[in-house]
Amino acid sequence: MSPSLHIPTWQLRARFAAALSAMYGAEVPAYTTLVAVSAEVNAAYVASHPQAYRLGSLDRVTAERHGAIRVGTAREIGEVATLFAAFGMYPVGFYDLRDAASPVPVISTAFRPTTPDELARNPFRVFTSVLATADRRFFDDDLRARVQNFLVRRTLFDPDLIARAARVGADGGCPAETAEEFVADAVAAFALSREPIDKAWYTELAAVSAVAADIAGVTTTHINHLTPRVLDIDELYRRMTARGVAMIDAIQGPPRTEGPAVLLRQTSFRALAEPRRLRHPDGVVRDGSLRVRFGEVEARGVALTPAGRQRYDAAMAAPDPAATWDQHFPATDREFADQQLAYYVGGDPAKPVVYEDFLPASAAGIFRSNLDGETRRTAADDDVDDDDSDYSEHWLADALGRDLLDPYALYQKAAACPP
Ligand code: OOG
Ligand code: NI
């Protein structure tokens, strides 16, 4: 028996991210433009900023993406957990977007590599949301029953794919001869389906929330967006606007400041309508279009400690956060490190720990800015204001069948042990 070459999970992750990117670029051509402009901005930034590498090598930043997917049930997100573990991506953090200023009926986590060396090898992450069907504020009993009935009858992931993923996860990789097919099958699970969509059902769900329709109005899941990383998001915004791409009004997250870049800044543009096949009430399938998928781009800064995060939340509560930013934060990395507002490797202000997660307010803003219509709550005049569902970190960990990791614990570890 000849020993076969073992492909470790990080290489599978790098291939998975690259193949998803190729597929998504073929599906959404505007994404390819965004990636090209991002690469231009990064190259120009690195050429004029000797310190640019502090937040990651140009190779890492250029390859870096996050994806977003949305699923319908505890079982489905459990399968996602098994699949992503085969790529060394584990669930970090709990996001409840139901209570955001513009509520979205989902709870979410981010699957990602969890150690500095794995992140350096390939930092691919996927923001993953599950529909909160048990929340009566969005779904009345009748609709919930029909949504759940629809969801239990579909199969998002081939059971054989999930079984293979479980093996790869347990073995920390797979033999070279099976790697290609495994990655291709995993990527295919997130392709936009050509199956006809039941128009009446989709429209009924869209009246509750466009996200509900995107999740439970179709029998498959798909990549909702893939987001490249840029080193100068303001410049990216200018260049995209100059090319005639209509961006959303603002960059989400912290304002541009003179001092250290913190957390995450994001912006996006609306995707054009995409061709989808719709089955009309008369039973006839016709070509139609839906606007669900969009383009997003992000810039990442230093990860804040819980104390830093409190200051951030206070800074962002002000009417014009940029104008009063310096009342909340000092001007230099040295002061950030000394005051323990952000994580630095070994406390060295030249070595910031990059923020690898997401921001609920930005996520809700990104969801909302790209949807047709607001989320509609169920009738406001009776007793459905109360959420008696039990969504929580525990609920999600149970559904995932594994621990939900605490981002702060990971940052602390990253700061304690130099890569
Ligand atoms: C996820 C929205 C959140 C981000 O970057 O904050 C997100 C979605 O649209 O499914 O991706
Ligand atoms: Ni995103």
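The model shown is predicted, which means the values in this text are computed figures rather than measured ones.

Draft legend 1. Just the site of ligand 1, in detail. Close to ligand 1 lie His66, Ala68, Arg70, Phe127, Asn224, His225, Gln266, Glu296, Phe358, Ala363 and Phe367. Within the contact set of ligand 1, an oxygen atom lies 3.0 Å away from a side-chain nitrogen or oxygen of His66. Contact distances for ligand 1 include 2.9 Å between an oxygen atom and a side-chain N or O atom of His225. Taken atom by atom, the bulk of ligand 1 overlaps the largest cavity. Those elements that place two or more of their residues in the shell around ligand 1 are strand S2 (65-71) and helix H15 (360-369). Among the elements that take part in the shell around ligand 1, S2 stands out by supplying 3 residues, more than any other. Looking at the shell around ligand 1 residue by residue, the classes come out as 5 nonpolar, 4 polar and 2 charged.

Draft legend 2. The packing of helix H4 (residues 74-85) against helix H16 (residues 393-400), seen in detail. Relative orientation of the contacting elements H4 and H16 amounts to 65°, with a least axis distance of 7 Å. Across the interface between the two elements, Ala74, Ile77, Gly78 and Ala81 from H4 touch Trp395, Leu396, Ala399 and Leu400 from H16. Residue composition of the contact of H4 with H16, by class: 7 nonpolar, 1 polar and no charged.

Draft legend 3. Broad picture of the side chain of Thr128. Mapping Thr128 onto the fold places it in strand S5 (residues 125-131). Here Thr128 falls in the buried class, since its relative accessible area comes to 0%. For Thr128, the side chain forms a polar contact with the main-chain oxygen of Val126, separated by 3.2 Å.

Draft legend 4. Quick look at helix H7 (residues 159-171). Over its 13 residues, H7 runs 18 Å from end to end, which matches the ideal 18 Å to within 8%, given 1.5 Å per residue. Listing the buried residues of H7 in full gives Leu161, Ile162, Arg164, Ala165 and Val168. The buried residues of H7 occupy an angular sector of 160° when the element is viewed end-on, so they sit on one face. Those residues of H7 that are exposed and aimed more than 90 degrees away from the buried face are Pro159, Arg167, Ala170 and Asp171. Looking at the buried residues of H7, the elements they touch are helix H1 (9-27), H4, strand S6 (173-175) and helix H8 (176-188). The backbone nitrogen of Asp160 lies 3.0 Å from a side-chain oxygen of the residue at the head of H7, namely Asp158. In the stretch just after H7, Gly172 is the one whose phi turns positive, near 70°.

Draft legend 5. Geometry of empty space enclosed by the protein. A full pass over the atoms with the stated rule returns 4 cavities of 30 Å³ or more. Considering only enclosed or pocket space, the largest cavity measures out at about 140 Å³ in volume. Mapped onto the lining of the largest cavity, the elements with two or more residues apiece are S2, S5 and H15. At 4 residues, the largest contribution of residues to the lining of the largest cavity is made by S2. Of the residues contributing to the lining of the largest cavity, the split by class is 9 nonpolar, 4 polar and 2 charged.

Draft legend 6. Structural context of the pattern of salt bridges. Tallied over the entire structure, the rule returns 36 salt bridges. As a salt-bridge pair, Asp135 and Arg98 come within 2.8 Å of each other at their nearest N and O atoms. Placement of the pair is Asp135 in the loop between S5 and helix H6 (141-152) and Arg98 in the loop between strand S3 (90-96) and strand S4 (106-112), with a sequence separation of 37 residues. Here Asp135 and Arg98 have matching classes, each one buried. For Asp234, the salt bridge goes to Arg256, with nearest N and O atoms at 2.2 Å. Here Asp234, found in helix H11 (residues 233-242), pairs with Arg256, found in the loop between H11 and strand S9 (264-269); they are 22 residues apart in sequence, far enough to count as distant. On the basis of relative accessibility, which here comes to 14%, the residue Asp234 falls in the buried class. Linked through salt bridges whose partners overlap, the residues forming this network are Arg60, Glu64, Arg125, Arg229, Glu298, Arg300 and Glu356.

Calculation rules
- Residues numbered from 1 in each chain as written.
- Chains lettered and ligands numbered in written order.
- Predicted model: local features only at pLDDT ≥ 70, side-chain atom pairs only at ≥ 80, totals over all residues.
- Heavy atoms only, no water.
- Near = heavy atom within 4 Å.
- Polar contact = N/O pair within 3.5 Å; in protein donor to acceptor, adjacent residues only side chain to side chain.
- 1 Å grid on protein atoms, 1.4 Å probe; cavity = no way out; pocket = protein on both sides within 12 Å on 5 of 7 lines; lining within 4 Å.
- Sits in = over half its atoms within 2 Å of the grid points.
- Helix = DSSP H or I, 4+ residues; strand = E, 2+ residues; numbered from the N terminus.
- Nonpolar A, V, L, I, M, F, W, Y, C, P; charged D, E, K, R; others polar.
- Axes fitted to C-alpha atoms, helices over the stretch in contact; angles between N-to-C directions.
- Contact = heavy atoms within 4.5 Å.
- Buried < 20%, exposed > 50% of the residue type's maximum accessible area, 1.4 Å probe, protein only.
- Expected span 1.5 Å × (residues − 1).
- Arc of directions from axis to C-beta.
- Points joined across faces, edges and corners; volume = space filled by probe spheres on them.
- Salt bridge = Lys/Arg side-chain N within 4 Å of Asp/Glu carboxyl O.

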